[in-house]
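A structural walkthrough
What follows is each chain in one-letter form.
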Amino acid sequence: MSEITLGIIGSGQLGSMLCQAAKKLNIKTIVISDDAQGPAQNFSDQFIFSKYDDQIMIKDFINKVDVVTFEFENIPLDILKKIDKEKKVLPKPDINKIVQNRKLEKTFVNDLGIKTTEWAFIRSAEDVSKNEKLLPGILKTNTLGYDGHGQFVLNSLDDIKKDWCFTTDYILEKKVNLKKEISVILTRFQNGTISIYSPIENVHENQILKHSKIPAEVNDKIINDALQSAKKIAKHLDYVGTMTVEYFINQNNDLLVNEIAPRVHNSGHLTINAFNVSQFEGHIRAVCDLKIIPPGIICKSAEMINILGKEIEEYRSKTFREGEFFFDYGKKKIKDKRKMGHLTILKK
Ligand code: AIR
């Protein structure tokens, strides 16, 4: 039995799948979350329900764990830093400072010589007017927001005139003439070694991931560039753990970084069934400093379908064929567009 106790901040489906991977490796898990109903509590060895700024509960959590990770990135930075003073937080909290902030994230990526969408930092309607060349575009809150939360489509300057309140900072991104979306998932270990999965092809509906599949149908140059850029980003962040880079491919076949996720990723759920080592196991191995297992595919192709909102009800009564793997996240409340589960289909 391993002596390591891993603390996980957050209790959603990503936390559940991290706990399951940890169990396989005999790593004990303690999940802390401000969601009393978070599904990861069904898979962790211990669950602490607490606000993230509750000093006493956080102290209790720190005392019980050896190393800490997180399963969503919008955790207040000062809390991660405070925990990191006593027990190592991996990936390092400073990385979150960059990836929680679209302006810093895009600047970081561009400074590495890697392309993103064209963008500008926006604080007022005047800033939008000055950047009219980026329209039609998408105005995104500079911090916080995932799955399309905090995003607004601007087709022309007229869209901004309607008593828009600039109560927070935004970035404006020029809309991409999209051909495809792919993601690259890698795990970087404490000695700097990187294990990496081939690109995954993704389809979004209403800004929420709907399908992922491997192999991605893209040319070799795109595959190679996507893998190299993701590795470069991980290295320059001095990243430890599993990390994801989401890319757009436009009609000219330009590869543009959309976003960096400092965590395991929805598009990587198919790695649970399609590979000898999943993105979750890779993450646990990296943050707990265990042996590296290079990922190897164990099927010809794989597809993952996200199950959103009420769709879960019909899946719960379905029977599945060989090669189909249904995951019910066990969320108590069904909400429109909420990620409730997924189905992975393997072809041998
Ligand atoms: N998550 C984190 N970042 C993006 C996503 N999708 C996962 C995490 C988090 C959960 O979604 O596992 O805890 C939150 O899901 P919900 O449905 O409660 O919003």
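Details of the structure are given in the entry above.
Residues numbered from 1 in each chain as written. Predicted model: local features only at pLDDT ≥ 70, side-chain atom pairs only at ≥ 80, totals over all residues.

Brief notes about the overall build of the protein chain
For the protein chain, the count of helices and strands is 11 helices and 18 strands. Against the compact-globule benchmark of 20 Å for 348 residues, the protein chain has a radius of gyration of 20 Å, which places it among compact chains. In terms of overall dimensions, the protein chain has C-alpha extents of about 60 × 50 × 45 Å along its principal axes. Buried positions account for 41% of the 348 residues belonging to the protein chain. For the protein chain, restricting intrachain contacts to residue pairs at least 6 apart in sequence, the fraction spanning at least 24 positions comes to 63%. (Helix = DSSP H or I, 4+ residues; strand = E, 2+ residues; numbered from the N terminus. Rg over C-alpha atoms; globule rule 2.2 N^0.38 Å. Buried ≥ 20, exposed ≤ 12 C-beta atoms within 10 Å, placed from the backbone. Contact = placed C-beta atoms within 7 Å.)

Details of the sheet that holds strand β7 (residues 137–141)
The strand order across the open sheet formed by four strands is β6-β9-β7-β8, and the pairing between neighbours is antiparallel. Every other strand in the sheet has two partners, leaving β6 (119–122) and β8 (151–154) as the edge strands with one partner each. Each strand axis lies, on average, 25 degrees off the axis of its neighbour in the sheet, ignoring direction. Note: β7 against β8, four bridges, orientation antiparallel. Considered in β8, the bridge of Leu139 is made with Phe152. (Pairing = 2+ DSSP bridges. Axes fitted to C-alpha atoms, helices over the stretch in contact; angles between N-to-C directions.)

Here's the deal with the sheet that holds strand β3 (residues 46–49)
Read across the sheet, five strands follow the order β3-β2-β1-β4-β5 without closing on themselves; strand pairing throughout is parallel. The two strands at the open ends of the sheet, each matched to only one other strand, are β3 and β5 (88–89). Relative to strand β4 (residues 67–70), strand β1 (residues 5–9) is paired through four bridges, and the arrangement is parallel. Pairing of Gly7 across the sheet is with Val68, part of β4.

Brief notes about the packing of helix α1 (residues 13–24) against helix α10 (residues 279–287)
Direction vectors running N to C along α1 and α10 enclose 65 degrees, while the axes themselves pass 8 Å from each other. Between α1 and α10 lies a crossing of right-handed hand. Residue-level inspection shows Met17, Leu18, Ala21, Ala22 and Lys24 of α1 in contact with α10, the latter providing Phe280, Glu281, His283 and Ile284. Counted by class, the contact of α1 with α10 contains six nonpolar, one polar and two charged residues. (Left-handed = near helix turned anticlockwise from the far one by under 90°. Nonpolar A, V, L, I, M, F, W, Y, C, P; charged D, E, K, R; others polar.)

Remarks on the site of the ligand
Near the ligand, the surroundings consist of 11 residues, among which Gly10, Gly12, Leu14, Phe72 and Arg338 are the closest. The element best represented in the shell around the ligand is α1, accounting for three residues. Its residues placed into classes, the shell around the ligand shows three nonpolar, five polar and three charged. (Near = placed C-beta within 6 Å.)

Regarding unusual backbone geometry
Along the chain, Leu135 connects to Pro136 via a cis peptide bond; the corresponding omega equals -5 degrees. Positioned with a positive phi, Gln207 is a non-glycine residue whose angle comes to about 65 degrees. Of note, Gln207 is situated in the loop between β12 (200–205) and β13 (208–214). With phi around 60 degrees, Asp289 is a residue other than glycine that occupies positive phi space. Counting through the fold element by element, Asp289 comes out in the loop between α10 and β16 (301–308).

Some remarks on the pairing of strand β10 (residues 178–188)
Within β10, eight of the 11 residues are buried, which leaves the element mostly enclosed by the surrounding structure. Sheet analysis places β10 next to strand β14 (residues 241–250), joined by 10 bridges and oriented antiparallel. By the bridge assignment, Arg188 is partnered in β14 with Gly241. As judged from the three bridges shared by β10 and strand β11 (residues 194–196), these two strands associate in the antiparallel manner.

Structural notes on the nonpolar core
Ranked by size, the top nonpolar core spans 71 residues in total, and within it Ile8, Leu18, Ala230, Tyr247 and Ile284 carry the most contacts. Lining this core are residues from two domains, each supplying at least three of them: domain 1 (5–89) and domain 3 (178–347). Ile284 has contacts with Leu6, Leu18, Ala21, Ala22, Leu25 and Ile27, leaving out every residue within four places of it along the chain. (Core = buried A, V, L, I, M, F, W, Y, C linked by C-beta atoms within 7 Å. Domains from an automatic or database assignment.)

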